[in-house]
Amino acid sequence: MAKDAAGTVLSVEGREVQITHPDKLYFSSQAQISKLDLVRYYLSVARGALAGIRDRPIVLKRFVNGAEAEAFYQKRAPTQRPPWLRTVTLSFPSGRTAEEIVVDDAPGLAWIVNLGCIELHPHPVRSGNLDHPDELRIDLDPVQGVSWADVRRVALEVQGLLEELGLRGWPKTSGSRGMHVNVRIEPRWTFADVRRAAVAFSRAVERRVPALASSKWWKEERHGVFLDYNQNAKDRTTCSGYSVRPLPDARVSAPLLWHEVPDCDPADFTMFTIPERFAKIGDPQAGMDAEPGSLEKLLELADNDEANGLGDAPWPPHFRKTEAEALRVAPSRAKSGVKKARVKMPLIVVANSPDKTAALAGLERWKSKHAQIAGFLAADDVLVDSMRGRSSTWTRVRVNLRHVAESLRPPQETPDPDDDPTREWREGRKRKAAKED
């Protein structure tokens, strides 16, 4: 290892990787972690981390100012990159294309971490077959206030259903509040097929444990643990195993063995504990590639759902609407002219901020201001949405006043804080559209 004015140069598997600003703190509110510390962590678990991203195009989610600052997504590969890093060109539902990085080895891993990639976001396809996923992704996302014990119970239901379908799931903590179960599949189905299978799977789990699990897309309709089937849509990515998450304790998305799930605690898996665990037990998901499964039984389940009147579930808003898809609008915003009666939810926005901590602090201020109202709220009446714009993310906090008498409901006020990074862009689009009209 050598140092120069520009930073630190690491020798990784015979290649030199420059780490710029190695002492820059990427975590500081609780753990004190520098960029170089982060690189060294990933190199210590490189065999496991690479298993989740090798030979896959990867979206660069860059925290250039550390975990406490706003991140942005970079799909396109940087023009200035080492000649030994390869790329592939992906097409997206919008019709656009992007040349994305493919990381195959430890030097490439160190190089993208140096760009500020605290967590890793691979696509579920291999570079040689970009139209056929080899991974079904089951994302267990608890609504606000749902306990970790309920997440674990739903994960075990997921395991049981997968076994009945002849599939093997590989669990891991999400590194946040939920859990992921990845299923290696044969790469012979399209993205639409895989998502259709995921919708059927989510609905099947909901039927098994209706009090605990939900397949409802609109957040105001969810309860318990939401199975996010849309993580299988074409341009979606989720953090892979061993990814560090931007939480104060540098928590990690940790691969698990199934017997660990009933008693695991996500707080036990951090940058400081995972290297020792990895050295001791290896990678719990090391055998994933050896057991690809078939989606045929799941697609039969989808056929049965459709025969019983269950059409396509809502897609993310930037996807083209399908013929079988229900009305793509939140129930609370549905127009009165819709034939099917819907209940409009009394939702108000209380905070918008690129800083999730600031948004949640705004929620607490709102609760203090409206203490009587806050007492009527159920756990799932608080909706904390991670909003994704063109290249940035922010947190929106809404409150559902359905359990509050109409005469007591406070009006919509200016959110506190009120910092939506996409507002200027959206208003610009409206002005442009108005001129064109």
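Residues numbered from 1 in each chain as written. Predicted model: local features only at pLDDT ≥ 70, side-chain atom pairs only at ≥ 80, totals over all residues. Heavy atoms only, no water.

Q: Hey, could you run me through the sheet that holds strand β12 (residues 170-173) in this one?
A: Hydrogen bonds along the backbone pair up the strands of a sheet, which may run parallel or antiparallel. Strand order in this open sheet of five strands is β12-β13-β11-β15-β14, and the pairing throughout is mixed. The sheet is open, and its two borders are formed by β12 and β14 (213-214), each paired with just one other strand. Where helix α5 (residues 191-208) meets the sheet, it contacts β11 (135-142), β14 and β15 (225-227), and its direction lies at approximately 40° from that of β11. (Pairing = 2+ DSSP bridges. Helix = DSSP H or I, 4+ residues; strand = E, 2+ residues; numbered from the N terminus. Contact = heavy atoms within 4.5 Å. Axes fitted to C-alpha atoms, helices over the stretch in contact; angles between N-to-C directions.)

Q: I would appreciate a short explanation of the nonpolar core in the present structure.
A: Generally speaking, soluble globular proteins have nonpolar side chains that are buried together. Of all hydrophobic cores here, the largest spans 90 residues; its most connected members are Leu-109, Ile-138, Phe-201 and Val-244. At eight residues, α5 tops the list of elements feeding residues into this core. Residue contacts for Phe-201: discarding those within four places in its chain leaves Ile-138, Val-158, Leu-161, Leu-162, Leu-165, Leu-227 and Leu-298. Residues Ala-351, Ile-373, Leu-377 and Val-397 belong to the second largest nonpolar core, which totals 13 residues. (Core = buried A, V, L, I, M, F, W, Y, C linked by side-chain atoms within 4.5 Å. Buried < 20%, exposed > 50% of the residue type's maximum accessible area, 1.4 Å probe, protein only.)

Q: What should I look at first to understand helix α4 (residues 148-164) in this one?
A: Given 3.6 residues per turn, any residue in an α-helix points the same way as the ones three and four places further on. The end-to-end C-alpha separation of α4 is 25 Å, in line with the 24 Å expected for 17 residues at 1.5 Å each. In this structure, the buried residues of α4 make contact with β11, β12, β13 (179-184), α5, β14 and β15. At the exit of α4 stands Gly-166, carrying a positive phi of roughly 75°. (Expected span 1.5 Å × (residues − 1).)

Q: What should I look at first to understand empty space enclosed by the protein in this one?
A: All told, the structure shown has one cavity of 30 Å³ or more when counted by the stated rule. In this structure, the largest cavity occupies an estimated 50 Å³ of space. Lining of the largest cavity is provided by Leu-136, Arg-137, Ile-138, Asp-139, Ala-198, Phe-201, Ser-202, Leu-227, Asp-228, Tyr-229 and Asn-232. Looking at the lining of the largest cavity, the elements that each hand over two or more residues are β11 and α5. When residues in the lining of the largest cavity are grouped by element, the largest group, four residues, is from β11. Grouping the amino acids of the lining of the largest cavity by side-chain chemistry returns six nonpolar, two polar and three charged. (1 Å grid on protein atoms, 1.4 Å probe; cavity = no way out; pocket = protein on both sides within 12 Å on 5 of 7 lines; lining within 4 Å. Points joined across faces, edges and corners; volume = space filled by probe spheres on them. Nonpolar A, V, L, I, M, F, W, Y, C, P; charged D, E, K, R; others polar.)

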